[in-house]
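Close look at the chain arrangement
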Amino acid sequence: MKDKVGAVLVVGGGIAGIQASLDLANSGFRVYLLDESPSIGGTMTQLDKTFPTNDCAMCILAPKLVMAGRHPNIELIMGAEIKSVEGEEGHFQVALVRKPRYIDEEKCTGCGVCARKCPIEGIDEFNEGLGERTAIYVKYPQAVPLVYAIDRDKCIGCGTCQEVCKAGAVKYDEKEKRIALHVGSIILSPGFEEFDPKLKGEYGYGRYSNVVSSIEFERILSASGPYGGIVLRPSDGKVPRKIAFIQCVGSRDAKIGNNYCSSACCMYAIKEAIIAKEHNPDLQCTIFFMDVRAYGKEFDAYYNRAEEEYGVKFVRSRVPQIGEVLESQNLLVKYVEDENPATEEFNLVVLSVGMRPPKHAEELAKTLDIKLNKYNFCSSETFSPLETSRPGIYVCGAFSSPKDIPESVAQASGAAAKAASSISSAREMLTTVKEYPPERDVSGEEPRIGVFVCHCGINIGGVVNVPEVVEYVKTLPNVAYAEHNLYTCSEDTQKRIHEIIKEHNLNRVVVASCTPRTHEPLFRETVREAGLNIYLFEMANIRDQCSWVHMHEHEEATEKAKDLVRSIVAKTRLLKPLKKPMIDVTPIGLVIGGGLSGMTAALELAKQDFEAHLVEKEKELGGHLRHIHYLLGSEDPQERLGSIIKEVTENEKIHVHLNSELSDVEGYVGNFKTTLNNDGEKKEIKHGVVIVATGAMEYNPNEYLYGVDERVVTQRELEERLTNGGFNAKTVVMIQCVGSRNGEHPYCSRICCSQAVKNALKIKELSPETDVYVLYKDMRTYGFLEDYYREAASKGVLFINYDDENRPRLVQENGKLKLTVWEPVIKTWTPIEPDLLALSVATLPNPDNEHIAKMLKVPLSKDKFFLEAHMKLRPVDFATEGIFLCGLAHWPKSIEESISQACAAAARAATILSKEALEVEGAIANVNEDFCSGCKICESVCAYNAIEMKEVDGKPRAHVLEALCKGCGVCGSSCPTGAISMLNFTDDQILAQVRAALKEETKYD
Amino acid sequence: MTVVSSAFKNKRRLPPCRAACPAEVNVQGYMALLQQGKFKESVELIRKSMPFPAICGRVCFSPCQDACSRKNIDQPVGIRYLKRLAADIEREQGRIKPDAVPKTHNEKVAIIGAGPAGLSTAYELAKLGYPVTVFERMPEPGGMMRYGIPDYRLQKYVVANEIAYIQDLGVEIKTGVEFGKDIEIDTLRNEGYKAIFIANGTQLSTKLGVPGEDLEGVFPAVEFLRDVSLGKTVDVGEKVAVIGGGNSAIDAACTSLRFGAKEVTVLYRRSRNEMPALPHEVEAAEKEGVKICFLVAPKQIIGEEGRVKLIECLRMKLGEPDASGRRRPVPIQRTEHTYGVDTVIPAIGQMPETSCLPSILLDERARAISVDQLTLETKIPGIFAGGDVVTRPASVIEAVGAGKRAAVSIDRYLNGANLRTGREEEIEETTWVKDWEKITRKSERYTAPHIDIGRQKVSFEKADELLTKIKAVATFEARRCLECGLCTECLGGEELCEADKAVVDETLCIGCNVCAIVCPFEAVKKNETGVAQVNEDLCKGCGTCSASCPERAIGMQRFTDSLILTNVAATLGEPT
Amino acid sequence: MMFRPKIVGFLCNWSLPQEVNTTGTGIIQGYPKIRIVRVMCIGRIDPVIVLETFVKGADGVLVIGCHPPDCHYIEGNLQAERKIKMLKKLISRTGLEPERLRLDWAYASETELFATIIDDFRTQVAVLGPSPLAGKKPDENVLAGIMAAKAVTGDSRLRTLVGREKELIEEGNVYNEKVEQEEFDEVMNESIDEEYVRSRIRLLVKDRPMSVEGLARHLGLDPKKVLRHIVVLRHRGLVALDKIEREDPLYIALEVT
């Protein structure tokens, strides 16, 4: 058999595709990241903030974009689509066609002059048509790659862009290009398409100016959006006082064939309402919904805050129609409240549009020979949620089902693990490692600083008198050389800098140009190639912080540029070379928890050729899954469980430790040492990473006579009865949210609604005459689960909504269970006499969590589940490096979600395990032990657990764990004795910079 | 002392027409003036280059026209016609009498021969303020212009008029003085002439070299035409054979017709393509009835009673090209045939009369004066020579060119300057047109009849009307000029076009290149830093770039926006 | 008394009849009906200059160049033709009658035609009556329109389009396609509309902040469109949010040098 190809094609450059690419590239595979559009980033780039943390979407996404854009083993192929895929798992031959961009990606510096001078305007799709862009454009300002593209449909071919492009990047004769790739695996992450709200004619979208889609509203909210972050309505630019959000537009709608729930809309609508309120506290927001599906981690808390803190009004009603008031262009929203038809006037209506499969899904499926489900999303199975119907091709993100960002990210990492494991033998076959010349020893040398000042085309040069700045810079002490460049970042300038460092024997380099955020790595690379330590390089930002903000004050801007460069030169004088410490990695993983998640994670590690220790405190593997006997789909969970356990136990690389618990963990990323306690017997394990998969437990209710009357059971017990033939009830009532969404456990347990639907359907299957009532607060059958909800209803299962004021009341009367239920439609308390009452009980965090968290020094959320590094973009990471998370330990979740997350944790772990040694940041905290008083303040403020106390001469002294320190500097600025300094940002360096920045001003004083 | 290597040639950029003209007449310049209807000014401009606008307007072989770029599009501009017209209008409206140029030099210069070469030298030196005397053997000055070209082509009064202009400048012309007889080099030196220019031309006819050449009725063309010019009546009989294919041959043929010949045949040994005579003259001659036989050469002239009777010829065919580049005629054996003739006029060339010249001046074969090709200096310092005597028979304009060069040498010689420095030139033809295909605008040449108004018997009003019409036609024709040369070419100066130039504000220029697109002359281009730069050589100051620049980064030196707006305000009667 | 329009004629150096004394300016003998301003070529006529001429109170502006295809500068006259075409479209949006601007052709020798053109244009302008911008009290609305138009013609977008028009249509664009005149005109008309309105907005909010509604009322436009223009102007850094009054954000122009 042929050798496998160590490269992966990722189709779709949204957040999922980016995450998958990064994980693969960081664990030794070459990645081709393909997208139809000219830039990566997908829908997330258009979002303003993200729920439930209200992080700025762009701010958290940008670093990943930059990482993907600069990664030596990720090749971005923009504007391309797949034409054919031949071959099989391990070696696919993929034919791509790349549309002409008309811009040389190598040459374009992204300076944007072309767009400023382009005389042709067109609709700005990024701003959802609310503004204009030019025919030559970049999708959004932080786009990666930051390369312009010509919209051939708009362009009249006047040639202006080519003329004004000083980098010579415009090439009109570019033709469609055929590309042939040879890859081992393929990951599909093409995302989704927004539902076109015009199809819901009754809402007037497209006819009424003030009816906007939720994604348009994201742009309206965004500070970088068309309205500069003030919420305005499009008809007249007035600030709206009342906004209505209409949910389920294009979702849960049989009329238009989109029966499924789009999973994310409830949350984003709540978020949009909250953010709008934050913009304008007087604003009244009303959300018209069917069920509020706040099923994710911390979602209900967010929902509650919206209602209680922000005063967002929630109205449970499907809106049949929207009308417009001619004069004011206000909107009349018709709805039903308490069975009474009502009409309310709003200034603006936001339609929460659902997710549709990507536009070319069918074509893509045909080309790749994969199956789609009936909604044209990618088809997958419960126990293989990341696999398509064709081996070697994996799926993640919204293409497999509508989902939010963290789910997509987890799936992406999971798919990366899958893609990697099928070609793990080819790891590092196609990746490149760069060789550098030895670093020159500059110690003892007088600083000789070279300063390169960038014109950035006319971005800087058009405002700042760059040659004047250069002449000025030459007068500064220690500046041995200064020059100006049209684009300092261009390829030929890199060569030039290299030569000049040699020629002028420079030992420090300053580039005065744009932002280090995007360009520092490039210049560091250049100085490193010239034999200088990367920490001998500094940047002065005279574009974003000078020419762009002082566009019309040429002289003042020139003076400010001088100030900025002078201050950076002052700091540069004091720069010292720093070492990037290398730490060894033990290529072994430790997985805590032998349930489905833990076993999956261990298996994935083993498939990628890493050893894994699987620690289970029970005497057998399987966890919760042992109690699940059937699923909503057709798969047999027990059979699957059996085969998974078999696979785990038979795998030589997996060491299963049953009846074992952790008694001690020490060390850090790459080098952990864990002591296991196996019934009192201690065992020491060395490993490089930890995956926490400790699962959760079921709530043991004390409500509704549970434990008192045996006709009151939990859903799990009902499932047992339905499986074992002990079921013969004529009337079954299910009560949702028992132990969830209450004062004690305010969160949603996520899986109970679908569990209830599953069991209700099972009852109807076994005993169709049995009456089944489901008493619920919100039916949270998100995604394709909605189909089962609909099926249950159609089979006669009665779903009755209750709220906290009108909870069902249960009494035992004459040996019978008597339940009184508030029937909201007829507004009466109605009695039901169930033969069986099934309680959908909460999923509670594992009580061991606190103990384990302490050992691992990782945090728990306030609900006592483990708290990941970042809820949105790092769902399976902890802030502490080398420790990962999956399964119910993170949050209640389904089998598919657990498997995806487990794979994700394995993928993330592989990014460390695949390396022989880790290079860590050199600009980190440094303790002067003579000054340290051992007060431990630093230890307590460090978010990364990177400081520990060590005994030195019998006294506790702070010690920095280099591998964990991120160099943020919090410890240093908190240290009462000034014992901690931050390398590369020492007090001396910062003060020199400040003094130099102020020098000229004090002169005038 | 720095030795200037001849490798460093003086490079000049001229439009094709001017580059082609031996006298470097500024064609583009007077075209520009004619476009504006400035006829007198255009003649003045021609006179800056040479003294014979009317003569050249008639008889020049006009290399300028052959070189005219317009031929790449449709037809060359009718330069010679325009020159003649301008000069005629000027003359007919009353001869311009220039003021004599004050003599600012003491060194006297003697010129031998009042032909075009001698007169041009005299003209140039007189303009420089030298006292110049021209010695002419014949009774009237003008040389071949006077005695070689028949009146119907070049009227005597035209020649006289242009020579009078030279005399008005202060040139003294002594006629009837024969060099080698009345004066010699030594006598001139003794009379205080510091420099001498010999331009006595070619007075002798080249012999046919066939039997019967001495028979009565054989008139060499030079003598024939000279006699005619002198007013002598020549009886040519009824049948005339002219041997040769040059202008003299055609002139002799046509003149014969005017003297009553019934049948005039030109016998030429090559084909029409090789004929040195001006095509339009040949054409005109044929129209008048002159017959031309090609590929025929005389073998002998057969007489009867000492007078020509028959001419026996041989058929020729064309062989390999000879030194002149023309294909050599080769006789075809046994093709002898005869023509009956009353007169034979050989017109196969002329030779200088070298007997009057010191042998030191002559070349090895003693057939011409040997000179330095660049400076026209002979082996004797201070003595220069030019024109036909050096080059063998050539054209008026070539003689003028030689005269001008001699004048420069003489001026330098008299000032003790190096005669050669900086004179080796390389002429680069300029044109702003890069792709002839792109110029789609075509126009046929506009022509109007030649006119000598004063000599026509028409009413004053009618003449005036006619003149207006002709001027209009001439203006249109002048507009056909593509103005290939640099703007300064027209020497029109500010009175003509304000000599405006575009100026780029480099700080505003973004390099969009619109200026280059709208500039009809490719005078604005981006430099390597992507900033527009005006090539002042090419910029003609129209201002289109300025009015089109998207960044308003281009202004004009003279017609600034504010000047125009000031003018606007002034016309509107606003206080400025 | 009959109205005597003040007509400014921009004449090219080469079409100017000989009889006209080209030195100096002002009313010229023989042609008392026109005030002639000579330029080397009408290609020099910057649209800004034409508009400024109207601001200065001209009742009509006549531009005369040589008959195409003749032009001393090859095609300066044709370049001017495209500028005038654009200008007439632009002027028609300002409230000033576009008929007050005319481009015509004459040779220097065509003295009679010259006189005919002037008489004809003069009659045309006389029928229109005095320019709303002439006199001591110019019509403020028209003046605002012309000032806005002037700013537009000084700005790069329309100048770029006009500058490239001939090439795009006659020689083809960078993709070697000839652009249809109709297609180009559509782009041009759109650009004129957009830039004119934006320019008006900028001038309106130069000294005092205004709301979208206020601007829309002033300009007689749909507020929705005005808002879109505000979006563009903010993006270009030409207009900024000043403050929010009740429901209305007020915008103000940013100082641009």
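In the block above lies the structure referred to throughout.
Residues numbered from 1 in each chain as written. Chains lettered and ligands numbered in written order. Predicted model: local features only at pLDDT ≥ 70, side-chain atom pairs only at ≥ 80, totals over all residues. Heavy atoms only, no water.

This brings us to the interface of chain B and chain A. With 9 residues of chain B in contact, the opposing surface of chain A contributes 6 residues. Taking both sides of the interface into account, the surface hidden between chain B and chain A amounts to around 590 Å²; carbon and sulfur atoms contribute 48%. Counting across the chain B and chain A interface gives 2 salt bridges. Here Glu163 of chain A ties to Lys526 of chain B by a salt bridge, and the two come within 2.8 Å at their closest N and O atoms. A per-class count over the side of chain B that touches chain A returns 3 nonpolar, 4 polar and 2 charged. (Contact = heavy atoms within 4.5 Å. Buried area = accessible area lost by both parts, 1.4 Å probe. Salt bridge = Lys/Arg side-chain N within 4 Å of Asp/Glu carboxyl O. Nonpolar A, V, L, I, M, F, W, Y, C, P; charged D, E, K, R; others polar.)

A word on the interface of chain B and chain C. Reports of interface size often rely on the accessible area that becomes lost once the parts have come together. Contact with chain B, which involves 49 residues of that partner, is made by 49 residues of chain C. For the pair chain B and chain C, the summed buried surface comes to about 4,100 Å²; carbon and sulfur atoms form 58% of the total. Inspection of the region where chain B meets chain C yields 2 salt bridges. The closest approach of N and O atoms between Arg44 of chain C and Asp561 of chain B, which form a salt bridge, is 2.6 Å. The set of elements that each furnish at least two residues to the side of chain B that touches chain C consists of helix H2 (27-35), helix H16 (460-479), helix H17 (494-497), helix H18 (514-518), helix H19 (544-548) and helix H20 (561-571) of chain B. Looking at side-chain class alone, the side of chain B that touches chain C contains 25 nonpolar, 13 polar and 11 charged residues. (Helix = DSSP H or I, 4+ residues; strand = E, 2+ residues; numbered from the N terminus.)

Turning our attention to the pattern of salt bridges. A pair can form between side chains of opposite charge whenever their charged atoms are brought close. All names here are of chain A. According to the stated counting rule, one finds 118 salt bridges over all chains in the structure shown. Residue Arg908 is joined to Asp23 by a salt bridge in which the shortest nitrogen-to-oxygen separation is 2.5 Å. In this pair, Arg908 is assigned in helix H21 (residues 895-913) and Asp23 in helix H1 (residues 15-25), connecting sequence segments 885 residues apart. We classify Asp23 as buried; its relative accessible area is 0%. Shared partners join several salt bridges into a network, and the residues in it are Arg252, Asp291, Arg293, Asp300, Arg316, Arg741, Asp778, Arg780 and Glu786. (Buried < 20%, exposed > 50% of the residue type's maximum accessible area, 1.4 Å probe, protein only.)

Right, let's talk about the nonpolar core for a bit. Leu24, Ile150, Ile187 and Val451 of chain A together with Phe10 of chain C are the most contacted members of the largest nonpolar core, which has 231 residues in total. In terms of residues, this core owes the most to one element, H21 of chain A, which gives 11 residues. Excluding residues that lie within four positions of it along the chain, Ile150 of chain A makes contacts with Arg101, Tyr102, Ile103, Ala135, Ile136, Tyr137, Cys155, Cys161, Val170 and Tyr172 of chain A together with Tyr175 of chain C. Core analysis: the second largest hydrophobic core is formed by 96 residues, Ile79, Leu125, Val159 and Ala406 of chain B among them. (Core = buried A, V, L, I, M, F, W, Y, C linked by side-chain atoms within 4.5 Å.)

This part is about the packing of aromatic side chains. Evaluation of the coordinates by the stated rule reveals 30 aromatic pairs over all chains. With 6.1 Å between their ring centres and 45° between their planes, Phe452 of chain A and Tyr481 of chain A make a pair best called tilted. In this pair, Phe452 of chain A is assigned in strand S25 (residues 449-454) and Tyr481 of chain A in strand S26 (residues 479-485), connecting sequence segments 29 residues apart. Comparing Phe452 of chain A with Tyr481 of chain A, the two get one shared label, buried. An aromatic cluster is built from Phe51, Tyr295, Phe299 and Tyr782 of chain A, whose rings are joined through pairwise contacts. Against the face of Tyr147 of chain B rests Arg146 of chain B, its NZ or CZ located 5.0 Å from the ring centre. Above the plane of the ring of Tyr152 of chain B lies Arg258 of chain B, whose end atom (NZ or CZ) is 3.7 Å from the centre. (Phe/Tyr/Trp six-rings, centres within 6.5 Å; stacked < 30°, edge-to-face > 60°. Lys NZ or Arg CZ within 6 Å of the ring centre and 35° of its normal.)

Take the packing of helix H2 (residues 57-70) of chain A against helix H12 (residues 516-529) of chain A next. The relative placement of two packed helices is expressed as an angle between their axes plus a distance between the axes. All names here are of chain A. Remark: H2 packs on H12, axes separated minimally by 11 Å, with the N-to-C direction vectors making an angle of 30°. The angle between H2 and H12 falls in the class roughly parallel. Two packed elements cross with a definite hand, and for H2 against H12 that hand is right-handed. Across the interface between the two elements, Ala62, Val66 and Arg70 of H2 pack against Arg517, Thr518, Pro521 and Leu522 of H12. In terms of residue class, the contact of H2 with H12 is made up of 4 nonpolar, 1 polar and 2 charged. (Axes fitted to C-alpha atoms, helices over the stretch in contact; angles between N-to-C directions. Parallel < 35°, antiparallel > 145°, perpendicular 65-115°, else oblique. Left-handed = near helix turned anticlockwise from the far one by under 90°.)

Further remarks concern the packing of H1 of chain A against H2 of chain A. Residues and elements named next belong to chain A. At their nearest, the axes of H1 and H2 sit 10 Å apart, and the two run at 50° to each other. The angle between H1 and H2 places the two elements in the oblique class. As H1 runs across H2, the sense of the crossing is left-handed. Touching Ile15, Ile18, Gln19 and Leu22 of H1 are Leu61, Lys64, Leu65, Met67 and Ala68, all from H2.

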